[in-house]
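# Structural overview
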Amino acid sequence: MLKPFRLMPAFKDYLWGGERLKTEFGKQTDTSPLAESWELSIHKDGPSVIAEGEWRGKTLPEFLSAHPEALGTDCPAGGLPVLIKLIDAKQQLSVQVHPTEEYAQRVEHEHGKTEMWYVLAAEPGAELLYGFKKEISKAAFCAHIQDGTLLEDINAVKVQPGDVLFIDAGTLHGIGAGIVIAEIQQNSNSTYRIFDYQRRDKQGNLRELHIDKALDVTERCAPKRNTKPFGPEIQRDGYTETLLGLCDYFSVTRIRVSSSALLCADARSYHALLCTNGTAQVALDGQNASLNKGETMFMPAGCGAYTLSGHCELLVTTL
């Protein structure tokens, strides 16, 4: 039986990032600003590294190449279908869109990008951009990009911790300033920038936009989803569970532990545990490990029943 292990993330220093992932989520890195930590990743642009055990120092892709059974029998062909991030937006991100699976495979030769945001922190009045206020024609969309009035068309949603936005591929979106989120997404790094507030990169150049591709893939309509979890909060013995999001690529459940929670990583799917608050004690077959706020643990498929204890909150991602 394969044993669980904690992961060390890949870090990203995008210009809009801050320092909250260090000060509030325990990330230890000289990367500054720290915009993103890729907590669970096999992507070539930033694979996670195993922090302990016999595979310590090896990448998650190396481990899964040797042990594909760790993903579970429900895993689709092509390996781990998700990428999990923590994101600190000190400044607003660009207005952007992600391609569908079909378009991305054909044009980018990688996966599309459907994603889910779980708001961990938000300054008063902070907003996420999410679709359009109303349906808009392609001609008007293009014209408003060119004349700089696009923001007037976009639906802005004030958010607070605990809100959930499920962003299907093709949905225009943007993270506003003053927000920290956990993002669970397809294993993809394909992003098409539509509007970027005239910002410049480290070399002083305006950051690249991807207007033609964005026009190809953007759904030009009002949001089809609200900012709430997919399911209700259910009281269990010692914890509550809430289904936050569900699609063909991932299922995300929030677990809030008041005393203990008994879960099981059976042969069908791995469990990825991201601790978002407090410290969780993870017990499996007489072995115990601590999982602190901001840390991620990979539970291989088939490792069986395990117990979470403490006063904590975790996001559990499975297939």
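Scroll up for the structure.
Residues numbered from 1 in each chain as written. Predicted model: local features only at pLDDT ≥ 70, side-chain atom pairs only at ≥ 80, totals over all residues. Heavy atoms only, no water.

## Structural notes on the pattern of salt bridges
- As enumerated under the stated definition, the model contains 21 salt bridges in all.
- Taking the shortest distance from any N to any O, the salt bridge between Glu233 and Arg254 comes out at 3.9 Å. With a gap of 21 residues between them, Glu233 in strand S14 (residues 233-236) and Arg254 in strand S16 (residues 251-257) connect regions that are remote in the sequence.
- You can call Glu233 partly exposed: its relative accessible area is 46%.
- A single salt-bridge network, built from bridges that share partners, covers Glu233, Arg254, Arg256 and Glu313. (Salt bridge = Lys/Arg side-chain N within 4 Å of Asp/Glu carboxyl O. Helix = DSSP H or I, 4+ residues; strand = E, 2+ residues; numbered from the N terminus. Buried < 20%, exposed > 50% of the residue type's maximum accessible area, 1.4 Å probe, protein only.)

## Focus: the environment of Thr242
- Mapped onto the secondary structure, Thr242 falls in strand S15 (residues 239-246).
- Beyond its immediate sequence surroundings of up to four residues, Thr242 is in contact with Pro229, Gly231, Pro232, Glu233, Val252, Thr253 and Arg254. (Contact = heavy atoms within 4.5 Å.)

## Side note on the nonpolar core
- By size, the foremost hydrophobic cluster in this structure holds 34 residues, and its most contacted members are Leu40, Met116 and Phe298.
- If you list the elements that add at least two residues to this core, you get strand S1 (5-8), helix H2 (60-66), strand S5 (82-89), strand S7 (115-122), strand S10 (164-167), strand S12 (179-186) and strand S18 (271-284).
- With 4 residues, S7 is the largest single contributor of residues to this core.
- Counting residues in hydrophobic clusters, the runner-up holds 20 residues, among them Ala261, Leu273, Leu284 and Cys312. (Core = buried A, V, L, I, M, F, W, Y, C linked by side-chain atoms within 4.5 Å.)

## Looking at the sheet that holds S10
- As summarised here, the arrangement of the 6 strands in space is S2-S3-S5-S12-S7-S10, forming an open sheet in which the pairing is antiparallel. The sheet is open, and its two edges are formed by strand S2 (10-12) and S10, each paired on a single side. Averaged over all pairs of adjacent strands, the angle between their axes in this sheet comes to 20°, without regard to strand direction.
- When strand S3 (residues 36-40) meets S5, the two strands line up antiparallel, connected through 4 bridges. Bridge pairing in S5 links Leu40 to Ile84. (Pairing = 2+ DSSP bridges. Axes fitted to C-alpha atoms, helices over the stretch in contact; angles between N-to-C directions.)

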